[in-house]
Amino acid sequence: MASPSVGFSTAGVWDKICIAFPILSSKEPKGYCHGDDHLLEEINELKLNTFIEDTIIYRIEQIMRQKIAPEFWSRFSTREDESDGFERFKDAVDYLYSSLANFLPVLEKLEKLRRNSGSHRVIYGEETLLGTFKVIVTSTLHSQLPLTHQIITEDFYKVSFKVFCNTDKSDIAFTTLKDQDESLEDGVQCGGCGHEMEQCQCQSILQVFHETNRKLIELDLLERLAGEVITSLIHIRVENHVQESCKGSFDTSHISSLESWLNTVVMGWLNHVYIGNAVSPDASKHSSIKKYQQKISHFLYETYTRTRIEQLFNIIIEYPDSQPAVEDLRICLQKTDLRLYLTQKLQRALETRLLHPGVNTPDVLTAYVAAIRALRQLDPTGVLLETVTQPVRQYLRWRDDTVRCVVSSLTEEGPSELADELVRGEALQLDECTPSDEDMTNWETWNPDPVDADPSKTSKSRRTSDIISMLVNVYGSKELFVNEYRTLLADRLLSQFSYNTEKEIRYLELLKLRFGESQLHYCEVMLKDVYDSKRINTHLHSDPNFNLDRQQFPSTAMILSAQFWPPFKEETLELPSFVKEHLQIYTKAFETLKGNRTLCWKPHLGSVNLDIELKDRKINLTVSPIHATIIWHFQTKNQWTIEELSQLMHVPATVLRRKIAFWQSQGLLREVSTDSFLLVEESATRSKCPVPADMVCEDEETESAMASAHDQREEELQVFWSYIVGMLTNLDSMPLERIHQMLKMFASQGPTAVECSLQELRHFLDRKVREHKLLFSGGFYRLPKS
């Protein structure tokens, strides 16, 4: 406000005004003389009230700007420690309060002058002079705000907060020094003020704290000077308390305890800040307290939510033991806007801690199943689960052994989450098939899907899909899982020859409920083959017409329907002549029984029970046919080379060396020179752990009798090749896309047909080009001229 100027017709009037308002003639704000009310009437008659008001306000601004504000901020200089900062803030507020109190008589006199003149001027947006005065004080102080003022302010509230938290947190009311001494009488040093117990200053600190806050509240400066510091201290305290409370603890809900702590400790301290020593019953209705409570409560939920989100990967791994933590997070997500933050953090955690080659596929599947269950509780709509686990599904699709691990987990013995899910699948499947009016009866409680939901998928499909369905959907094809189960079932049936299929039948019935009868028809035939094999063997051995019981050694066969079983590994093995003769006798007996059917033996499959008699010991072992054939040849000659055995047995030398290693480990064979082995009739140094009788041979590597997926695919592509040759013979040349369309029309038909993608077909044809079986030019493939 600019300095006003005016001329007086009567020189004595100004002197009288200066006597009534000494602030106009003095550098210090002073009160006015009593008994001069007639002067106010004279000022009003001369119409000088507006001039006097503006002049005094200008003078107040001048004194605030030149003296009070600089002196006030000069006390916020560098301090030695927190205690020194506490004292400096207290002295600064005391000085400001006492200095501003001197202006009150002047303001009261001006207000009286206003009433006499009937003026209602609005100055600086305030209708009262006291309001204008507070605006002047606030704006002047902020115009000279030093950079280091927050340090002193933080010291004051840090010390008081520490003292308050050291008192009884369950009682909002002020704790007396006597009560505090009793609670700390066993300690040497006070946990609040840091002094010796005999010199505890907590009582005086709290008294100073209350008095200083009262003065700031009267001046309307508490929020402006200390609001940011108070909020910052509370935020730090809340963050520390949340970290301490829920660090690594997932089996307990913390929301109630955190809310209780907030209402007693934090809000108790705020009551002391804004209301003082005596807390009234209506303290919670205080506008500042209510505003702070809403803000801090939201901050508490946000902090707790972020903390749980940071721990969410571990929470998922420990589910269902961590169910209370998941439930807390579900409640907190409804109160905070951190859904996107959760999605990003969890996806990043999954990628860095789970989706890399160092983690075994079963561990990835276990974590994925736990994520499905935990995220379903966290978000029943299934949108969060669908979004977060998208990278996991892509990664599992990339791993070659995922399907086998899933199928193994579904049908393995012992505790397994997927096996339990499969058992529960019967009831679940029946529930899905039963009409339900749930959607109609609960229409009033219906809520739309979250905004991040995929619009191409219905909410019902996300809610009803179970764990096994989600694992199948990783590949999007039931056929792939059924084929893998078929291969696994074949391995299981061929690895044991007890003909016991009760467990496998049970799993098959459960899988039929899940995947349908038609998908598992081949598996039914496989189990029926095992049952029929047991019946046929029993019949052939019990019928005296076949003379099987009078043979040199008993034999049983697993008779398989070739077109229903997965492809076998193509391995060659030349059995000893007497064994082949024995198998031929069994074949004739089978032909006699079945008429128009015969047997095609797989000599590399099965097991042989051997009794090996040496000079100093006897051994009984159950081994594979190739192992039995190897050791049988050492019966006719003590020393063989790998090349000799390879030619005699029709087995590759590399395979023979690996198989001979088993007999070396048993102490029966010894390598005397490179690829030359000698039978050890007597053991000079007997093993401390002799081989037990009836030991079953376990090869150094567990090999499947079925052809690998790569081998099967190569065989299928060879079928495609015959079609491709026929098409190119008739049409001369064709582009890749046309070949692919023709294959889809003619080659990919039938119950066991598989698709060939465009990319896979391109790689296959390019390989044929490299093998000089195709020519490629101008985007067209053609056969080379013979």
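Residues numbered from 1 in each chain as written. Predicted model: local features only at pLDDT ≥ 70, side-chain atom pairs only at ≥ 80, totals over all residues. Heavy atoms only, no water.

## Quick look at the overall build of the protein
Basically, it comes down to this: Put simply, DSSP marks the helices as runs of H or I at least four residues long and the strands as runs of E at least two long, and each gets a number from the N terminus on. Buried, partly exposed and exposed residues are distinguished by accessible area as a fraction of the type maximum, computed with a 1.4 Å probe on protein chains only: under 20%, between the cut-offs, and over 50%, respectively. Only heavy atoms enter the contact rule, under which two residues are in contact if any of them lie within 4.5 Å. Per-residue accessibility takes into account occlusion by the displayed protein chains alone, with areas from the Shrake-Rupley method and a 1.4 Å probe.
Across its full length, the protein carries 33 helices and 9 strands. Taking all 786 residues of the protein together, 43% fall into the buried category. A fraction of 71% describes how many contacts in the protein between residues 6 or more apart in sequence connect residues 24 or more apart. When the accessible area of the protein is evaluated, it comes to approximately 42400 Å², of which 51% is carbon and sulfur surface.

## Let's talk about the sheet that holds strand β4 (residues 669-673)
The pairing of strands in a sheet comes from backbone hydrogen bonds and takes either a parallel or an antiparallel form. The condition that has to hold: In this description, strands pair whenever DSSP reports at least two bridges between them. The axes are straight lines fitted to the C-alpha atoms, using for helices just the contacting stretch, and the angles between their N-to-C directions are given from 0 to 180°.
Taken together, 3 strands build an open sheet; the order of strands is β3-β5-β4 and the sheet is antiparallel. A strand with exactly one partner marks an edge of an open sheet, and here the two such strands are β3 (639-641) and β4. Neighbour to neighbour, the strand axes of the sheet diverge by 30 degrees on average, direction disregarded. In the sheet, β3 pairs with strand β5 (residues 676-679) via 3 bridges, with the strands oriented antiparallel. Following the sheet pairing, W640 is matched in β5 by F677. Together, β3 and β5 form the strand contacts of helix α29 (residues 642-649), whose direction differs from that of β3 by roughly 80 degrees. Where helix α30 (residues 653-665) meets the sheet, it contacts β4 and β5, and its direction lies at approximately 120 degrees from that of β4.

## Some points on the pairing of strand β1 (residues 608-613)
The sheet contact formed by β1 and strand β2 (residues 618-623) spans 6 bridges and is antiparallel. Considered in β2, the bridge of V608 is made with V623. In sequence, β1 turns back onto β2 through a hairpin of 4 residues.

## What about α29?
For clarity, the cut-off: The arc refers to the directions leading from the helix axis to the C-beta atoms.
All of the buried residues in α29 are I642, L645, S646 and M649. Within α29, the buried residues cover an arc of 105 degrees as seen down the axis, which keeps them to one side. What points out from α29, more than 90 degrees from its buried face, is the exposed set E643 and Q647. Where the residues of α29 are buried, they touch α28 (625-636), β3, α30 and β5.

## Describing the sheet that holds strand β7 (residues 733-735)
Spatial strand order, β7-β9-β8: 3 strands in an open sheet with antiparallel pairing. Edge positions in the sheet fall to β7 and β8 (775-777), since each has one partner strand and no second. In this sheet, neighbouring strand axes are inclined to one another by 30 degrees on average, regardless of whether the strands run parallel or antiparallel.

## Some points on the packing of helix α3 (residues 49-74) against helix α5 (residues 104-117)
Worth spelling out the cut-off: In this scheme, roughly parallel covers angles under 35 degrees and roughly antiparallel covers those over 145, while 65 to 115 is roughly perpendicular and the rest are oblique. Should the near helix be turned anticlockwise from the far one by less than a right angle, the crossing is left-handed, and should it be turned clockwise, the crossing is right-handed. Residues are grouped as follows: nonpolar covers Ala, Val, Leu, Ile, Met, Phe, Trp, Tyr, Cys and Pro; charged covers Asp, Glu, Lys and Arg; every other residue, Gly included, is treated as polar.
Orientation of α3 relative to α5, taken along the N-to-C sense of each, is 160 degrees, at an axis distance of 10 Å. As judged from the angle between their axes, α3 and α5 are roughly antiparallel. For the crossing formed where α3 meets α5, the hand is left-handed. Contacts between α3 and α5 involve N49, I52, E53, I56 and I60 on the former and, on the latter, V106, L107, L110, L113, R114 and S117. Of the residues in the contact of α3 with α5, the class split is 7 nonpolar, 2 polar and 2 charged.

## Points about the pattern of salt bridges
For the record, the criterion: What counts as a salt bridge is simple: a side-chain nitrogen of Lys or Arg found within 4 Å of a carboxyl oxygen of Asp or Glu.
Tallying each qualifying case throughout the model produces 27 salt bridges. Here K528 makes a salt bridge to D532, at a shortest N to O gap of 2.9 Å. Of this pair, K528 and D532 are both found in helix α26 (residues 521-542), 4 residues apart, which corresponds to roughly one turn of the helix. One salt-bridge network, in which partners are shared between bridges, spans E53, D54, R114 and R121.

## With respect to the nonpolar core
Let me state the cut-off plainly: The term nonpolar core refers to a set of buried residues drawn from Ala, Val, Leu, Ile, Met, Phe, Trp, Tyr and Cys, joined through side-chain atoms within 4.5 Å.
Ranked by size, the top nonpolar core spans 84 residues in total, and within it F21, I52, Y157, I230, W269 and L270 carry the most contacts. Once residues lying within four places of it in the same chain are set aside, the contact partners of I230 are Y157, L222, W269, L270, V273 and Y292. Counting 73 residues, the second largest nonpolar core, distinct from the first, contains V326, A367, V369 and L489.

## Details of the packing of aromatic side chains
Definition in use: In this analysis, rings of Phe, Tyr and Trp, with Trp reduced to its six-membered ring, are considered paired at centre separations within 6.5 Å, and the interplanar angle assigns stacked below 30 degrees, edge-to-face beyond 60, and tilted for intermediate values. A positively charged side chain is recorded as over a ring if its NZ (Lys) or CZ (Arg) lies within 6 Å of the ring centre. The angle to the ring normal must also be within 35 degrees.
In this structure the tally under the stated criterion is 22 aromatic pairs. Ring geometry for F662 versus W663: centroids 5.0 Å apart, planes at 65 degrees, classification edge-to-face. You'll find F662 and W663 in the same group, each marked buried. When the ring of W721 is compared with that of F764, the centres are 6.2 Å apart and the planes differ by 75 degrees; the resulting orientation is edge-to-face. Taken as a pair, W721 in helix α31 (residues 709-731) and F764 in helix α33 (residues 758-770) lie far apart in primary sequence, 43 residues in all. In this structure, W721 and F764 share a single accessibility class: buried. An aromatic cluster is built from F72, W73, F76, F86, F89, F156, Y157, F161, F209 and W269, whose rings are joined through pairwise contacts. The cationic tip of R506 hangs over the ring face of Y507; the distance from NZ or CZ to the ring centre is 5.8 Å. Taking NZ or CZ as reference, K768 lies 4.8 Å from the ring centre of W721, over its face.

Function-wise, these values are silent; they only describe arrangement.
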